[in-house]
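# Examining the three-dimensional arrangement
For reference, the chains in residue letters:
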Amino acid sequence: MFPSPSRASPEHELASSNNLCYSSGVIYDFHTHSSLSDGDLSPLELMHRAVKSGYRAIAVTDHVGIGQLERFIAEITKDCVLAEKYWDIVAIPGVELTHLPASAISDAAKYARETGVRIVAVHGETIVEPVEQGTNKAAVQSPYVDILAHPGLITIEEATLAKRNGVFIEISARKGHSLTNGHVASIARATGASLLLGSDAHTSEDLLSTGLAIAILQGAGLAEGEIDEALQTNPATLLAKSGKF
Ligand SMILES: [Zn+2]
Ligand SMILES: [Zn+2]
């Protein structure tokens, strides 16, 4: 389930030098953007650069409301199929439901599922944008949502609902959204909600390395076992849920 890269990478060395139990050295990233929305790279270039960065799996989760959803997912699905056929990567068509009215989120997530979206993320209540209040709660209550991205000052109630409904909560690698990572980590620990690390990559420089992934999670205050869960156990659970394994 967790194939090792064929050669030792600098990231491997950094991971082992930190004496962490996280040892697979492969990267799972379920939050990235292509030029379909506001990313710099075409979907295929994004996925190819992810392969070169040691990724095992990537979800391309462009910003959508309702209008573009069907067109985006048709295009990204074709490129994901091509990437998986020729490259050693799990490529997943996803979306990030962004700046929707909170009351419309669950219906939009259901619609996304019906159009073939495999990973549904919701653009959560980051402290650096005026995301509609109630977005976090709507996301964690929906059976059609996989990830609540950058949830800002997430509450105990929201995280408890996330745990109950199997919605993952994101630790963000993105400037601005990452300002509340420590809070998100502590609320997840208090409630048992499951964490994932998302790059929220918009450029090639934003893609994760193993060393950076570990450092961000350490910076959020996660202990060794919690880092292993966020980088390996929880991604495996999400991949199984999305039908990839
Ligand atoms: Zn977002
Ligand atoms: Zn994003």
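A quick note: this is a predicted structure, and the numbers were derived from the prediction, not measured.

## Topic: helix α4 (residues 105–114)
- Among the residues making up α4, those that are buried are I105, A108, A109 and A112. Relative to the axis of α4, the buried residues are bounded by an arc of 100° and lie together on one face.
- Of the surrounding elements, those touching the buried residues of α4 are α3 (69–86), β3 (90–97), β4 (119–123) and α5 (135–141).
- At the exit of α4 stands G116, carrying a positive phi of roughly 105°.

## What about the sheet that holds β3?
- As summarised here, the arrangement of the seven strands in space is β1-β2-β3-β4-β5-β6-β7, forming an open sheet in which the pairing is parallel. At either end of the open sheet lies a strand with only one pairing partner, and these are β1 (27–32) and β7 (195–198). Sheet twist, expressed as the average angle between the axes of neighbouring strands with direction ignored, equals 30°.
- Summarising the sheet, β4 and strand β5 (residues 147–149) pair through three bridges and their orientation is parallel.

## Concerning the nonpolar core
- Of all hydrophobic cores here, the largest spans 73 residues; its most connected members are V120, L148, I169 and L217.
- Of all the elements, strand β2 (residues 55–64) adds the most residues to this core, at six residues.

## Description of the packing of helix α6 (residues 156–165) against helix α7 (residues 181–191)
- Where α6 contacts α7, the axes come no closer than 9 Å and their chain directions differ by 60°. Taken together, the axes of α6 and α7 lie oblique to each other. When the axes of α6 and α7 are compared, the crossing they make is right-handed. Judged by residue contacts, I156, A159, T160 and K163 of α6 engage I187, A188, A190 and T191 from α7.

## Examining the confidence of the model for the chain
- Residues at a pLDDT of 70 or more form 89% of the chain, whose mean pLDDT is 92.
- The low-confidence segment residues 1–21 (pLDDT under 50) makes 36 contacts with residues lying over four places distant or belonging to another chain.

## Brief notes about unusual backbone geometry
- Non-glycine residue H99 carries a positive phi angle of around 55°.
- Within the fold, H99 resides in the loop between β3 and α4.
- Residue classification places H99 among the exposed residues on the basis of 12 C-beta atoms within 10 Å.
- With a phi close to 25°, H150 is a non-glycine residue in the positive phi region.
- In this fold, H150 is placed in the loop between β5 and α6.

So, how was this worked out
Note that residues are indexed from 1 along each chain, following the sequence as it is written. Numbering of ligands from 1 and lettering of chains from A proceed in the order in which they are written. The predicted nature of this model means local features are confined to residues of pLDDT at least 70 and side-chain atom pairs, given and counted, to a pLDDT of 80 or more, with totals for whole chains, interfaces and linings taken over all residues. Exposed residues have 12 or fewer other C-beta atoms within 10 Å of their own C-beta, buried residues have 20 or more, and partly exposed residues fall in between, where C-beta atoms are placed from the backbone. Note on conventions: DSSP H or I runs of at least 4 residues are helices, E runs of at least 2 residues are strands, and numbering of each starts at the N terminus. The directions considered for the arc run from the helix axis to the C-beta atoms. Our contact criterion uses C-beta atoms placed from the backbone: two residues qualify when those atoms are within 7 Å. What makes two strands pair is DSSP finding at least two bridges between them. Between the N-to-C directions of two axes lies an angle of 0 to 180 degrees, each axis being a line fitted to C-alpha atoms and, for a helix, fitted only over the stretch in contact. A set of buried residues drawn from Ala, Val, Leu, Ile, Met, Phe, Trp, Tyr and Cys, joined through C-beta atoms within 7 Å, is what defines a nonpolar core. Angle categories are assigned with fixed cut-offs, so that under 35 degrees is roughly parallel, over 145 is roughly antiparallel, 65 to 115 is roughly perpendicular, and the rest are oblique. Here a crossing is taken to be left-handed if its near helix is turned anticlockwise relative to the far helix by less than a right angle, and right-handed if that turn runs clockwise. The predictor reports its confidence for every residue as pLDDT, a score running from 0 up to 100.

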